[in-house]
Amino acid sequence: ELMSGVRCLLCPDVLPLSPSPPCHRPLRRYLSGLSANGIAASRRRLSTDGPAPRPVIGQDSVEVLGASYPRDDFTNVTAKILDKVGRNLHNQPHHPLWLIKERIKAHFYSSYIGRWGNPLFSVHDNLSPVVSTEQNFDSLLIPPDHPSRKRGDNYYLNRTTMLRAHTSAHQRELVRSGLDAFLLAGDVYRRDEIDASHYPVFHQMEGVRLFTNHEVFSKVQDGHELSLFEAGGRRTPQKQETHSLEAVKLVEFDLKNTLTRLITYLFGDDVEVRWVDCYFPFTHPSFEMEVRFQGDWMEVLGCGVMEQELVNSAGAGHKLGWAFGLGLERLAMVLYSIPDIRLFWSQDERFLQQFRLPDIQQPVTFQPLSKYPPLHNDISFWLPEESEAGRESFTQNDFYELVRSVGGELVERVSLQDEFTHPRTGRRSQCYRIVYRHMERTLTQDEVRRVHQQIEHAAETELGVQGRY
């Protein structure tokens, strides 16, 4: 999600099947572990020795994964979100997200072998989702005034600590630890809209590969005369100012070939692929890959040549690299025909047992559980007056987050139905429709009415709106 955030960082948002303008979508059995050079990063791995301590939001601090963080005016993480931390669906054997992750790992392990016969790519899928804002933004060259940093779009523990909005938050530390080729998977957190394809917690997987001068040009005639870098160059749509065009074209070819092989492996030999030029602040040139699926072009990942400034800051300035990112939920929903993103969090055996396969390569199509009827209620309110000092007094994400906190998994979708500005007073009002549907049983009008009233009350007391009901 560039612009509405860089938050996707090479990875598409959860599942908007009809793309918005390019790149404005808000990118273990830890098979090899971190290499011997990865000690610094490994200290930030989650413990696997038993269940994690339950998170607690206190009056002055937030406790999560056994650590305590002081609260301040930026703290906006909720108890329902913290309850998801440590669930690690991508590491639960036979969960559909685990299946996708394991298939991608198996492909890279079998297709890319190092000089000593070991897998070229190491895999890192247990790094803590609690990161610094410096890791999440500054390490990826995201400017201080970029909209992706907004409090309304992220879950902050305090001004300097947050739940990561993308797995790219760990990119620099892994490169700095000496890794040249790695895959990284994990849970990420974003305040967002509510519908069947968006959830405040989802999972990303990304890859990074760095090349030396020899690795790029070893198969090129007279390659010893060529260089990754050039002095006095200028930035063009095709390359960065410090890179030679020859090097960028070879690295771009390797990137696109690697990803085409991956998507062909996942979708089948007859998949149609196309590339779309894109913009990210941490890669240039940048691309999105789209595949033709059920008659439509669908974006599945973002990628590009890594900004050299980022590589330099990680201590690998003599190398040039590429990076890509994809959403595991997106792939699982498409490949397994899973209709609602809430299902990934279900503990219903009718859902989970469908993915207990003897072989991770075995095809599977989700057989829907009984479709229970939806119920909907509308809520209208006057928005609060704009606050002083330019601070946002109300955002749609604030309301979505409140609905999630109160309604939880009962809420299937929230949509803005109407906006009105009073011609005389200038006051603004909004009307939202909340659709309730339980994934495992039929809801009654009475229980939906009680939840809806709690949302109305919470909106007035916590968001400062004035109800029109």
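Fair warning: this is a prediction, and the values are worked out from it, not measured in the lab. (Residues numbered from 1 in each chain as written. Predicted model: local features only at pLDDT ≥ 70, side-chain atom pairs only at ≥ 80, totals over all residues. Heavy atoms only, no water.)

A count of helical and extended segments in the protein gives 12 helices and 17 strands. For the protein, the residues scored as buried account for 56% of the 469 residues in total. With an accessible surface of roughly 20700 Å², the protein has 49% of that area assigned to carbon and sulfur atoms. (Helix = DSSP H or I, 4+ residues; strand = E, 2+ residues; numbered from the N terminus. Buried < 20%, exposed > 50% of the residue type's maximum accessible area, 1.4 Å probe, protein only. Areas by Shrake-Rupley, 256 points an atom, 1.4 Å probe, with all protein chains shown as cover.)

Taken across its nine residues, helix H9 (residues 328–336) has nine buried, putting it largely inside the fold. Burial in H9 covers these residues: Leu328, Glu329, Arg330, Leu331, Ala332, Met333, Val334, Leu335 and Tyr336. The elements touched by buried residues of H9 are helix H3 (96–111), strand S9 (201–211), helix H7 (245–267), strand S11 (283–293), strand S12 (296–306) and strand S13 (320–327). Just past H9, the residue Ser337 takes up positive phi, approximately 60 degrees. (Contact = heavy atoms within 4.5 Å.)

Before going further, it helps to examine the packing of helix H11 (residues 396–407) against helix H12 (residues 445–463). The N-to-C vectors of H11 and H12 enclose an angle of 135 degrees; their axes lie 10 Å apart at closest approach. It follows from the interaxial angle that H11 and H12 lie oblique. You can see that H11 and H12 cross each other, and the crossing is right-handed. For the pair H11 and H12, contact is made by Asp398, Phe399, Leu402, Val403, Val406 and Gly407 and by Val451, Gln454, Ile455, Ala458, Ala459, Glu462 and Leu463, respectively. Partitioned by chemical class, the residues of the contact of H11 with H12 number nine nonpolar, two polar and two charged. (Axes fitted to C-alpha atoms, helices over the stretch in contact; angles between N-to-C directions. Parallel < 35°, antiparallel > 145°, perpendicular 65-115°, else oblique. Left-handed = near helix turned anticlockwise from the far one by under 90°. Nonpolar A, V, L, I, M, F, W, Y, C, P; charged D, E, K, R; others polar.)

This part takes up the confidence of the model for the protein. Per-residue pLDDT for the protein has a mean of 88; in total, 87% of the residues score no lower than 70. Below pLDDT 50 for its whole length, residues 1–9 participates in 64 contacts with residues either more than four positions away or in separate chains. Within the model, the stretch residues 12–44 combines pLDDT values under 50 with 108 contacts to residues more than four positions away or in other chains. (pLDDT = per-residue confidence, 0-100.)

Inspection of the secondary structure assignment puts Ser139 in the loop between helix H4 (133–136) and strand S6 (156–158). For Ser139, the side chain forms a polar contact with the main-chain oxygen of Gln135, separated by 2.6 Å. (Polar contact = N/O pair within 3.5 Å; in protein donor to acceptor, adjacent residues only side chain to side chain.)

Taken as a whole, this structure holds 18 aromatic pairs when the rule is applied. Plain terms: the ring middles of Tyr336 and Phe355 are 5.6 Å apart, the flat faces sit at 55 degrees to each other, and that makes the pair tilted. You can see Tyr336 sitting in helix H9 and its partner Phe355 sitting in the loop between helix H10 (349–352) and strand S14 (375–382), a full 19 residues away along the chain. Here the aromatic rings of Trp382 and Phe420 are separated by 6.2 Å at their centres, their planes lie at 55 degrees, and the arrangement is tilted. Of this pair, Trp382 sits in strand S14 while Phe420 sits in strand S15 (residues 411–421), and the two are 38 residues apart along the sequence. Taken together, the ring pairs connect Phe108, Tyr112, Phe121, Trp322 and Phe324 into an aromatic cluster. Sitting above the plane of the Phe287 ring, Lys256 keeps its charged end 4.0 Å from the centroid. (Phe/Tyr/Trp six-rings, centres within 6.5 Å; stacked < 30°, edge-to-face > 60°. Lys NZ or Arg CZ within 6 Å of the ring centre and 35° of its normal.)

Geometrically, a packed helix pair is captured by the angle between its two axes and the distance between the axes. The interhelical angle for the contact between H3 and H9, taken along N-to-C directions, is 100 degrees, at an axis separation of 9 Å. By the criterion of interaxial angle, the relationship of H3 to H9 is roughly perpendicular. Here H3 contributes Pro96, Leu97, Leu99, Ile100, Lys101, Arg103 and Ile104 to the contact with H9, which in turn contributes Leu328, Glu329, Leu331, Ala332, Leu335 and Tyr336. Here the residues of the contact of H3 with H9 sort into 10 nonpolar, no polar and three charged.

For Ser346, the position within the fold is in the loop between H9 and H10. Only 3.0 Å separates the side chain of Ser346 from the backbone nitrogen of Asp348, close enough to count as a polar contact. Ignoring sequence-local partners within four residues, the contact set of Ser346 consists of Phe351, Leu352 and Glu440.

Moving on, we get to the sheet that holds S11. Taken in spatial order, the seven strands line up as S4-S8-S9-S13-S12-S11-S10 in an open sheet, and their pairing is mixed. Whereas interior strands pair on both sides, the edge strands pair on one side only; in this sheet they are strand S4 (122–124) and strand S10 (273–280). Averaged over all pairs of adjacent strands, the angle between their axes in this sheet comes to 25 degrees, without regard to strand direction. When S10 meets S11, the two strands line up antiparallel, connected through seven bridges. (Pairing = 2+ DSSP bridges.)

The next point concerns the nonpolar core. Among the nonpolar cores identified, the biggest contains 75 residues, and Ile104 and Phe267 are the most heavily contacted of them. Take this core: its biggest share by element is nine residues, from H7. (Core = buried A, V, L, I, M, F, W, Y, C linked by side-chain atoms within 4.5 Å.)

Now for H7. Over its 23 residues, H7 extends 32 Å from the first C-alpha to the last, a length consistent with the 33 Å expected when each residue adds 1.5 Å. By the burial criterion, the buried members of H7 are Ala247, Val248, Val251, Glu252, Leu255, Lys256, Thr258, Leu259, Leu262, Ile263, Leu266 and Phe267. Looking one or two places after H7, you find Gly268, whose phi comes out positive at around 110 degrees. (Expected span 1.5 Å × (residues − 1).)

This next bit is on the pattern of salt bridges. For the structure on display, the rule yields 29 salt bridges. Between Arg235 and Glu241 there is a salt bridge, and its shortest N-O distance comes to 2.8 Å. Residue classification places Arg235 among the partly exposed positions, given a relative accessible area of 37%. A residue is classified by how much of its surface remains accessible, and Glu241, at 33% relative accessible area, is partly exposed. One continuous salt-bridge network, built from bridges that share partners, spans Asp340, Arg342, Glu412, Arg413 and Arg437. (Salt bridge = Lys/Arg side-chain N within 4 Å of Asp/Glu carboxyl O.)

Turning next to the state of the cysteines. Summed over all chains, the structure comprises zero disulfides. The thiol of Cys303 is not disulfide-bonded; the next cysteine sulfur, from Cys278, is found 8.8 Å away. (Disulfide = S-S within 2.5 Å.)

A few words on the pairing of S9. Counting buried positions along S9 yields 11 of 11 residues, so the element is predominantly enclosed. The sheet contact formed by strand S8 (residues 181–189) and S9 spans nine bridges and is antiparallel. For Asp187, the partnering residue across the bridge sits in S9 and is His203. Two elements, S9 and S13, share eight bridges in a ladder whose sense is antiparallel.

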